[in-house]
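Spelled out from the first residue to the last, the chains are:
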Amino acid sequence: MNAKSVPSAASFTARPAVWVVAWLVAWFLARLVLEGATVPTWGRVAAALAPVPVAAVALLSIVRSARDLDELERRIQLEALAIAFLLTMLLLMTLGLIELAVALNPDDWSYRHVWAMLPVLYFAGLAWTRRRYA
Amino acid sequence: MKNRLKVLRAERDWSQADLAERLEVSRQTVNSIETGKYDPSLPLAFRIGRLFGRPVEEIFIDGGDQ
């Protein structure tokens, strides 16, 4: 059979996985450099921004991969993103409201902590949506 | 929406993977259509019709607004 093969959900996550791993490595390396006290300011800024281009390539790879998906998998991704968006809005609104009442500790609730919750919410949405169509 | 996809596939002795490959979709898509969890787009429905040599309305049964 010569029909064009359609990538499964597994290959969708596998292809950009290399870039996502590179992104995480860059992020941890940046944190490592930034925790070193002897690094000058320009070095700290460069280290802080180093993961950004890697993250951009990883995200672009995810978008490219999504174009090859079949119609059901696209719907699953769309619903997962919609769930993640709504949960993110809820999370940020909740944090904003709590912040009106009490000062949140920036060591626990700064942007660098909150952004990491967004992929978690996306994967939660993805798991829920996949179960719906399984 | 109900459909006769599973019956038509069984008549040809195709697995879900076989049908998925012929339709250029994932096996999960075929499974979701067969179980009625997902209604295919119009282009995919026509592709299914062409593959089985039957009109779309013979494969997909309109249950009305449920």
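Parameters and conventions
Residues numbered from 1 in each chain as written. Chains lettered and ligands numbered in written order. Predicted model: local features only at pLDDT ≥ 70, side-chain atom pairs only at ≥ 80, totals over all residues. Heavy atoms only, no water. Helix = DSSP H or I, 4+ residues; strand = E, 2+ residues; numbered from the N terminus. Buried < 20%, exposed > 50% of the residue type's maximum accessible area, 1.4 Å probe, protein only. Core = buried A, V, L, I, M, F, W, Y, C linked by side-chain atoms within 4.5 Å. Contact = heavy atoms within 4.5 Å. Domains from an automatic or database assignment. Buried area = accessible area lost by both parts, 1.4 Å probe. Salt bridge = Lys/Arg side-chain N within 4 Å of Asp/Glu carboxyl O. Polar contact = N/O pair within 3.5 Å; in protein donor to acceptor, adjacent residues only side chain to side chain. Axes fitted to C-alpha atoms, helices over the stretch in contact; angles between N-to-C directions. Parallel < 35°, antiparallel > 145°, perpendicular 65-115°, else oblique. Nonpolar A, V, L, I, M, F, W, Y, C, P; charged D, E, K, R; others polar.

**Some words on unusual backbone geometry**
Residues and elements named next belong to chain B.
Point 1. In the Ramachandran plot, aspartate 13 falls in the positive-phi region, its phi being about 60 degrees despite a non-glycine side chain.
Point 2. Mapped onto the elements of the fold, aspartate 13 is located in the loop between helix 1 (5-11) and helix 2 (16-23).
Point 3. When its relative accessible area of 70% is taken as the criterion, aspartate 13 is described as exposed.

**Quick look at the nonpolar core**
Point 1. Ranked by internal contacts, the top residues of the largest apolar core, which has 25 residues, are Leu5, Leu19, Ile33, Ile48, Phe52, Ile59 and Phe60 of chain B.
Point 2. Among the secondary structure elements, those contributing two or more residues to this core are helix 5 (71-101) and helix 8 (117-133) of chain A together with helix 1, helix 2, helix 3 (27-34), helix 4 (42-52) and helix 5 (56-59) of chain B.
Point 3. Isoleucine 59 of chain B has contacts with Lys2, Asn3, Arg4, Leu5, Leu8, Ile48, Gly49, Phe52 and Arg54 of chain B, leaving out every residue within four places of it along the chain.
Point 4. Judged by nonpolar contacts, the second largest core, of five residues, contains Ala26, Val54, Ala55 and Ala58 of chain A.

**Remarks on the domain arrangement of chain A**
Residues and elements named next belong to chain A.
Point 1. The domain architecture assigned to chain A consists of domain 1 (8-68) and domain 2 (70-134).
Point 2. Summarising the inter-unit geometry, the C-alpha centres of domain 1 and domain 2 are found 20 Å apart.
Point 3. In this complex, domain 1 contributes eight residues to the contact, which on the side of domain 2 involves eight residues.
Point 4. Contact between domain 1 and domain 2 buries roughly 610 Å² in total, counting both sides, with carbon and sulfur atoms accounting for 58%.
Point 5. There are zero salt bridges connecting domain 1 and domain 2.
Point 6. Viewed at the interface, domain 2 and domain 1 are joined by one residue pair in polar contact (both at pLDDT 80 or more).
Point 7. Breaking the side of domain 1 that touches domain 2 down by element, the ones donating at least two residues are helix 1 (9-14), helix 2 (17-35) and helix 4 (51-67).
Point 8. Of all the elements, helix 2 adds the most residues to the side of domain 1 that touches domain 2, at three residues.

**Examining the packing of helix 2 of chain B against helix 3 of chain B**
Residue and element names in this part refer to chain B.
Point 1. With their axes 8 Å apart at the nearest point, helix 2 and helix 3 run at an angle of 110 degrees to one another. Our classification of the angle between helix 2 and helix 3 gives roughly perpendicular. Two secondary-structure elements touch here, helix 2 through Gln16, Ala17, Leu19 and Ala20 and helix 3 through Arg27, Val30, Asn31 and Glu34.
Point 2. Looking at the contact of helix 2 with helix 3 residue by residue, the class counts come to four nonpolar, two polar and two charged.

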